[in-house]
Amino acid sequence: MNVELVATVAGAQVRVDDVDAREARLRNGPRAAALPARGTSEGRQLRRWLTQLIVTERVIDAEVAARGLTECSVATEAELLPDVTSRLEIGSIAAAALTDPRARALFADVTAEVTVTDDDVADYHIRNPLRFAAPTPDRHGWRRPAVAGPPLEQVRRAIAELLLSAARRRAFRVWLDARRAALVELAPGYEHPGDPRQPDNTHRH
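Predicted, not measured: the structure shown is a model, and the values here were computed from it.

K.L.:
Explanation requested: the packing of helix α2 (residues 41-67) against helix α6 (residues 101-110) in the structure shown.
P.N.:
One way to put it is that α2 packs onto α6 with a least axis distance of 10 Å and a crossing angle of 60°. In this structure, the crossing between α2 and α6 has a hand that is left-handed. Across the interface between the two elements, I60, D61, E63, V64 and R67 from α2 touch R102, A103, L106, D109 and V110 from α6. In terms of residue class, the contact of α2 with α6 is made up of five nonpolar, no polar and five charged.

K.L.:
Would you mind showing me how to read the environment of L46 here?
P.N.:
Checked against the element boundaries, L46 lands in helix α2. The exposure class assigned to L46 is buried, which follows from its relative accessible area of 12%. With 23 residues separating them in the primary sequence, L46 and E23 have C-alpha atoms 8.3 Å apart. If we skip the residues at most four places from it in the chain, L46 touches L26, R27, L35 and P36.

K.L.:
Can you help me understand helix α8 (residues 152-183) in this one?
P.N.:
The periodicity of an α-helix, 3.6 residues per turn, causes residues three or four positions apart to be oriented the same way. Taking 1.5 Å as the rise per residue, α8 with 32 residues should run 46 Å; its terminal C-alpha atoms sit 44 Å apart, in good agreement. A158 marks the point of greatest bend in α8, at about 30°. Within the span of α8, buried status applies to L152, V155, I159, L163, A166, A167, R169, F172, W175, L176, R180 and L183.

K.L.:
I tried to follow the sheet that holds strand β1 (residues 5-9) on my own but got confused; where do I start?
P.N.:
Note: strands within a sheet are paired through backbone hydrogen bonds, in either parallel or antiparallel orientation. Read across the sheet, three strands follow the order β2-β1-β5 without closing on themselves; strand pairing throughout is antiparallel. The sheet terminates laterally at β2 (12-15) and β5 (184-186), the two strands that pair on one side only. Each neighbouring strand pair of the sheet contributes to a mean axis angle of 20°, computed without reference to strand direction. Strand direction decides the pairing type here: β1 and β2, joined by four bridges, are antiparallel.

K.L.:
What should I look at first to understand the nonpolar core in this one?
P.N.:
Across soluble globular proteins, you tend to see nonpolar side chains buried next to one another. Membership of the largest hydrophobic core comes to 30 residues, with the highest contact counts inside it found for V6, V14, I60, I90, L98, F172 and L176. If you list the elements that add at least two residues to this core, you get β1, α1 (16-27), α2, α5 (92-97), α6 and α8. In terms of residue count, the dominant contributor to this core is α2 (eight residues). Excluding residues that lie within four positions of it along the chain, I90 makes contacts with L81, A95, L98, F107, R169, F172 and R173. Listed in part, the six residues of the second largest apolar core include V121, Y124, L152 and L163.

The rules we used
- Residues numbered from 1 in each chain as written.
- Predicted model: local features only at pLDDT ≥ 70, side-chain atom pairs only at ≥ 80, totals over all residues.
- Heavy atoms only, no water.
- Axes fitted to C-alpha atoms, helices over the stretch in contact; angles between N-to-C directions.
- Helix = DSSP H or I, 4+ residues; strand = E, 2+ residues; numbered from the N terminus.
- Left-handed = near helix turned anticlockwise from the far one by under 90°.
- Contact = heavy atoms within 4.5 Å.
- Nonpolar A, V, L, I, M, F, W, Y, C, P; charged D, E, K, R; others polar.
- Buried < 20%, exposed > 50% of the residue type's maximum accessible area, 1.4 Å probe, protein only.
- Expected span 1.5 Å × (residues − 1).
- Bend = angle between axes of the 7 residues up to and from the residue.
- Pairing = 2+ DSSP bridges.
- Core = buried A, V, L, I, M, F, W, Y, C linked by side-chain atoms within 4.5 Å.

Structure follows, in structure tokens:
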């Protein structure tokens, strides 16, 4: 059996077999046709991405256990990551990990103290006055963009929720990056896909 290591997480081994098994599940799944071929630069990048996902899951498992968290009453994935922008904000690895309710319980615990201020809300409204303005119908029934935004008090709650969600995603990403840096050691060849030191991270047009 292959016992070559791709990483350790707090001293616990992550083996090549673990990455092989995760890749095999993808290549036997419904999106297999969209995956890069094995042995190519893109194929190696896929394996690096899978390694990052596996070590992130291990970090999350360790933190969930250490904090004694449960999955009760956790937010849904759609509530935490409602759109493409939110997934880009938090990063593809964290977004993939948050499909697990245990990770969402950890997200809630880590970000429980995150807040936004009234000044944050007011500043956002000044910079984005039309963000929550409803389009208005013209005399032909077509809807056209609003030319004036609603008053702050009318949209204060919506802005606060938008800013708080973004702040929580940012706080979780920063926290998770720090925990991975502290707990994870990657083997050569399994660096982060975006690490400029690895040969497959080449910018092409």
